[in-house]
Amino acid sequence: LLVAPVGTELPATVNDAWRDGWETIGYIHEDGLTVDVDSESEELFAWQSKTPLRSIVTGKTMTVEFTMLEITPKATALFFDEDVPTGTDAAFTLNVSSDGKAKEYAVAIDTLDGGSILTYVFPRATLSENGDIEIESAEFQGYPITLKALDDAGTLCVITRGAAA
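The sections below set out a description of the structure shown in this document. (Residues numbered from 1 in each chain as written. Predicted model: local features only at pLDDT ≥ 70, side-chain atom pairs only at ≥ 80, totals over all residues. Heavy atoms only, no water.)

1. Topic: the overall build of the protein chain
Link 1 in the chain: Looking only at helices and strands, one finds 1 helix and 8 strands in the protein chain.
Link 2 in the chain: Mapped in sequence order, the helices and strands of the protein chain form the string β-β-β-β-α-β-β-β-β.
Link 3 in the chain: Reported as C-alpha extents along the three principal axes, the dimensions of the protein chain are approximately 70 × 45 × 35 Å.
Link 4 in the chain: Within the protein chain, contacts between residues separated by at least 24 positions form 55% of all contacts whose residues are at least 6 apart in sequence.
Link 5 in the chain: Accessible area of the protein chain: about 10,500 Å², with a carbon and sulfur share of 49%.
Link 6 in the chain: Each charge class in the protein chain can be summarised by its mean position, and for the 10 positive and 28 negative side chains these summaries are 11 Å apart. (Helix = DSSP H or I, 4+ residues; strand = E, 2+ residues; numbered from the N terminus. Contact = heavy atoms within 4.5 Å. Areas by Shrake-Rupley, 256 points an atom, 1.4 Å probe, with all protein chains shown as cover. Lys, Arg positive; Asp, Glu negative; His and termini not counted. Charge placed at Lys NZ, Arg CZ, Asp CG, Glu CD.)

2. So, unusual backbone geometry
Link 1 in the chain: Its identity as a non-glycine residue notwithstanding, D81 has a phi of 60 degrees, on the positive side.
Link 2 in the chain: Note that D81 resides in the loop between α1 (73–80) and β5 (104–113).
Link 3 in the chain: Judged by its relative accessible area of 12%, D81 is buried. (Buried < 20%, exposed > 50% of the residue type's maximum accessible area, 1.4 Å probe, protein only.)

3. As for the nonpolar core
Within soluble globular proteins, side chains that are nonpolar generally end up buried alongside one another.
Link 1 in the chain: Judged by nonpolar contacts, the single largest core of 22 residues is most densely connected at F66, M68, L78, F122, I145 and L147.
Link 2 in the chain: Looking at this core, the elements with two or more residues in it are β4 (54–68), α1, β5, β6 (116–130) and β7 (143–149).
Link 3 in the chain: Those residues within four positions of I145 in sequence are excluded, and the remaining contacts are V64, E65, F66, M68, L78, F79, L127, E129 and N130.
Link 4 in the chain: Among the nonpolar cores identified, the runner-up in size contains 6 residues, and A4, A106, A108 and V121 belong to it. (Core = buried A, V, L, I, M, F, W, Y, C linked by side-chain atoms within 4.5 Å.)

4. Observations regarding a negative patch on the surface
Link 1 in the chain: Together, D36, D38, E40, E65 and E129 make up a negatively charged patch on the protein surface.
Link 2 in the chain: Considering every element that reaches the negative patch, the biggest residue donor is strand β3 (residues 34–44), with 3 residues.
Link 3 in the chain: Inspection of the secondary structure assignment puts E40 in strand β3. (Patch = residues over 30% accessible without salt bridge, like charges linked within 9 Å, V, L, I, M, F, W, Y side chains within 5 Å. Salt bridge = Lys/Arg side-chain N within 4 Å of Asp/Glu carboxyl O.)

5. What to know about α1
Link 1 in the chain: Within α1, 6 of the 8 residues are buried, which leaves it mostly tucked inside the rest of the structure.
Link 2 in the chain: Taken together, the buried positions of α1 are P73, A75, T76, A77, L78 and F79.
Link 3 in the chain: Along its buried surface, α1 packs onto β1 (2–4), β4, β5, β6 and β7.
Link 4 in the chain: Once α1 ends, the next one or two residues include D81, with phi positive near 60 degrees.

6. Section: the side chain of T76
Link 1 in the chain: Within the secondary structure, T76 is located in helix α1.
Link 2 in the chain: Those residues in contact with T76 that sit more than four places away from it in its chain are I71, F92, L94 and Y143.

7. What to know about the packing of aromatic side chains
Link 1 in the chain: For the coordinates displayed, the defined rule picks out 3 aromatic pairs.
Link 2 in the chain: With centroids separated by 4.7 Å and ring planes inclined at 20 degrees, the aromatic side chains of F79 and Y143 adopt a geometry described as stacked. You can see F79 sitting in helix α1 and its partner Y143 sitting in strand β7, a full 64 residues away along the chain. Grouping residues by exposure puts F79 and Y143 together as buried.
Link 3 in the chain: With a relative accessible area of 5%, Y143 lands in the buried category.
Link 4 in the chain: Connected via pairs of aromatic rings, a cluster forms that spans F79, F80 and Y143. (Phe/Tyr/Trp six-rings, centres within 6.5 Å; stacked < 30°, edge-to-face > 60°.)

Here's what the structure looks like:
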């Protein structure tokens, strides 16, 4: 999983190295990621018909849900929807604001499917939900979050598939 500022250039093909500005977010829980697509539609009926004559899409959303396992400045900032704090992975301080001002991110997911790379890129996404931080003995303390894709000139997601290098 990679994150970048909105507008960061994407690779031309799936085999290109990720360009400057994209950063990995670290380890993700072994359950992986879930990409959810939800379409809403309205069915139009005629008086003479019990079945719809037309279906109009009234909305579409895409989300990606995952749990970050590394407690780094980047992951902590993403979970709390804040600017990345200065410091190191071992020592940093993050002030969580109360203003509720949402940040936007570009998000990319690279997956390997047999001999192919499948990449999902959300040009614009925002934090839509953060789950509970469960603190238990002998367990990972992860950051479960859901990011929602935002419209980017008519695009929610760009999906590319190509041969693995």
